[in-house]
Amino acid sequence: MKRSPTAEEREREAKWQLKYPKLVLRESGSVPEGLHTEVQAAFLTLHKHGVLFRDLVRVQGKDVLTPVSRILIGNPGCTYKYLNTRLFAVPWLVKGSNTRYSETEIAAACQTFLKLNNYLQVETIQAWEELVAKDKTNIDVVPVCIGPDFPRIGMGPFDGQDEVDIRNRSAYNVTLLNFMDPQKMPYLKEEPYFGMGKMAVSWHHDENLVERSAVAVYSYSFEGPEEDSEEDPQLEGRDPDIWHVGFKISWDIETPGLAIPLHQGDCYFMLDDLNATHQHCVLAGLPPRFSSTHRVAECSAGTLDYILQRCQLAMQNICDEADNGDVSLKSLEPAVLKQGEEIHNEVEFEWLRQFWFQGNRYKKCSDWWCQPMTQLEDLWRKMESATNAVLHEVRREGVPVEQRNEILTAILALLTARQNLRREWHARCQSRIARTLPADQKPECRPYWEKDDPSMPLPFDLTDIVSELRGLLLEAKA
């Protein structure tokens, strides 16, 4: 016989219905048992092979090692950026892709998360339909918490364009896998506003997502024998031994937050603009926990195809290389030169340095990114030669003063930013916290070269060049 909900549970349900209607929980029993078995085995496989890593992220100008270990899996060539860190997706196998994995078990695990991704897409669209049905009837006929006995029937089709829009906002292209063992963390922050206890992940919005897209999360904690935490008091609104996800209205600490317990195999969905209008946190329980967080990453500037197209745009202004590596430029139009230097900075700081700052972690899973990064580095070297050609032009005697000024004005800020960012990335790679990481995770400052490297047309340190260009510009204005 099904037990009656407690007063606390009834209060939480009422708060949930009133303040968080776009948050939907699917209890473990509503998910196929076979899928649970496969997904939970895949988590353990990836953990066994040591391919989930703590990220060295940038927060308010400081490098911080995340308490949670992560790996991004998704469509080939996709990336996902959070806290100024670009993660590169280990690809799941899709039609037409050709990926070599380091271990067959890792390949199988990636396929399992694609299977979970497809299942959660279907469930997300179902949840959207239920939300629309509630909204149309304006009555609470659909519970936000769906148990295994809830009848899974359609709530009526969407209109044509609405259906396309909903499917696009549910088309998850990556999943960010998370793992944490609270017992191995010496310190976790206390939730500051509602007395919810220790946080594995602080209050935040998920970044870099398609606007109003959904997020789906599968939760798996190792629920062993019943044991009580000795040090945690009974916290207001939640059992401290059980993992919870917390929600609050953004920039509002007056309206009470909501803490939802997450049991092994539960899934929850954040629909529509919930991620924009609300913040969420993850509240640590006692056992270790995995989660698979499926997202529609905003990839307009975040795929390999995108950055290769950008590089080809820069290459259009470069004539064939001479035997000594020098290049000539087709156009000296300031707008064209500025575009080339913008792309130069983008490929260096958003791709090459982001990738190598994470050490050799990606090779532990597959070789998918090896050839693309080599290709990007070769294209970047040509852009170094292009910058050198621009500098030759502004230094050349006989260049009209107005033309020199226009070129200097177009490129100076970008070269100054390049010098500042190189200095910052080099310092990050040498930081105390970076030196504590295992060998395969140690940041590599790449590209990097010494001052007299004959293979490079320009120095790594651009201080003198930037100073020279500023002088030329001031001289012309004098």
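A short tour of the structure in this document, coming up. (Residues numbered from 1 in each chain as written. Predicted model: local features only at pLDDT ≥ 70, side-chain atom pairs only at ≥ 80, totals over all residues. Heavy atoms only, no water.)

### Quick word on a nonpolar patch on the surface
In step 1: Where nonpolar side chains cluster on the molecular surface, the patch consists of Val59, Val64 and Leu83 and spans about 180 Å² of accessible area.
In step 2: Among the structural elements, valine 59 can be located in strand 2 (residues 53-59).
In step 3: Overall, the relative accessible area of 31% leaves valine 59 in the partly exposed class. (Patch = residues over 30% accessible without salt bridge, like charges linked within 9 Å, V, L, I, M, F, W, Y side chains within 5 Å. Areas by Shrake-Rupley, 256 points an atom, 1.4 Å probe, with all protein chains shown as cover. Salt bridge = Lys/Arg side-chain N within 4 Å of Asp/Glu carboxyl O. Helix = DSSP H or I, 4+ residues; strand = E, 2+ residues; numbered from the N terminus. Buried < 20%, exposed > 50% of the residue type's maximum accessible area, 1.4 Å probe, protein only.)

### Quick notes on the pattern of salt bridges
In step 1: The full count for this structure, using the stated rule, is 28 salt bridges.
In step 2: Close ionic contact of arginine 167 with glutamate 163 constitutes a salt bridge, the shortest N to O distance being 3.1 Å. With arginine 167 and glutamate 163 both in helix 4 (residues 160-168) and four residues apart, the pair spans about one turn of that helix.
In step 3: A relative accessible area of 43% places arginine 167 in the partly exposed class.
In step 4: Residues participating in the shared-partner salt-bridge network are Lys22, Asp165, Arg169, Arg212, Asp272 and Asp273.

### Examining the environment of leucine 332
In step 1: Mapping leucine 332 onto the fold places it in the loop between helix 6 (304-315) and helix 7 (334-357).
In step 2: C-alpha separation for the pair leucine 332 and valine 390, spaced 58 residues apart in sequence, amounts to 7.9 Å.
In step 3: Residues within four places of leucine 332 in sequence aside, it is in contact with Leu337, Glu393, Gln403 and Ile407. (Contact = heavy atoms within 4.5 Å.)

### Re the nonpolar core
In step 1: Residues Leu23, Phe247, Leu376, Ile411 and Leu469 are the most contacted members of the largest nonpolar core, which totals 82 residues.
In step 2: Of all the elements, helix 8 (residues 370-395) adds the most residues to this core, at 10 residues.
In step 3: Setting aside residues no more than four positions away along its own chain, phenylalanine 247 makes contact with Tyr20, Leu23, Trp203, Gly257, Leu258, Ile260, Tyr268, Met270, Leu274, Gln279 and His280.
In step 4: Core analysis: the next-biggest nonpolar cluster, separate from the first, contains 42 residues, Val24, Ala42, Ala109 and Cys365 among them. (Core = buried A, V, L, I, M, F, W, Y, C linked by side-chain atoms within 4.5 Å.)

### Comments concerning the pairing of strand 15 (residues 289-295)
In step 1: The element strand 15 is extensively covered by neighbouring structure, given that seven of its seven residues are classed as buried.
In step 2: Judged by which residues are buried, strand 15 turns out to be covered on both faces: Arg289, Ser291, Thr293 and Arg295 on one side and Phe290, Ser292 and His294 on the other are all buried.
In step 3: Sheet analysis places strand 8 (residues 174-180) next to strand 15, joined by seven bridges and oriented antiparallel. Bridge pairing in strand 15 links threonine 175 to histidine 294.
In step 4: Pairing between strand 10 (residues 215-221) and strand 15: six bridges, direction antiparallel. Pairing of tyrosine 218 across the sheet is with serine 292, part of strand 15. (Pairing = 2+ DSSP bridges.)

### Looking at the sheet that holds strand 12 (residues 258-261)
In step 1: In spatial order, the strands read 9-14-11-12; together these four strands make up an open sheet with antiparallel pairing. Every interior strand has two partners, whereas the edge strands, strand 9 (199-204) and strand 12, have only one. Taking each pair of neighbouring strands and ignoring which way they run, the sheet shows an average axis angle of 15°.
In step 2: Bridge count for strand 11 (residues 244-249) against strand 12 is four bridges, and the pairing is antiparallel. Paired with glycine 246 across the bridge in strand 12 is alanine 259. (Axes fitted to C-alpha atoms, helices over the stretch in contact; angles between N-to-C directions.)

Read these as geometric descriptors, not functional statements.
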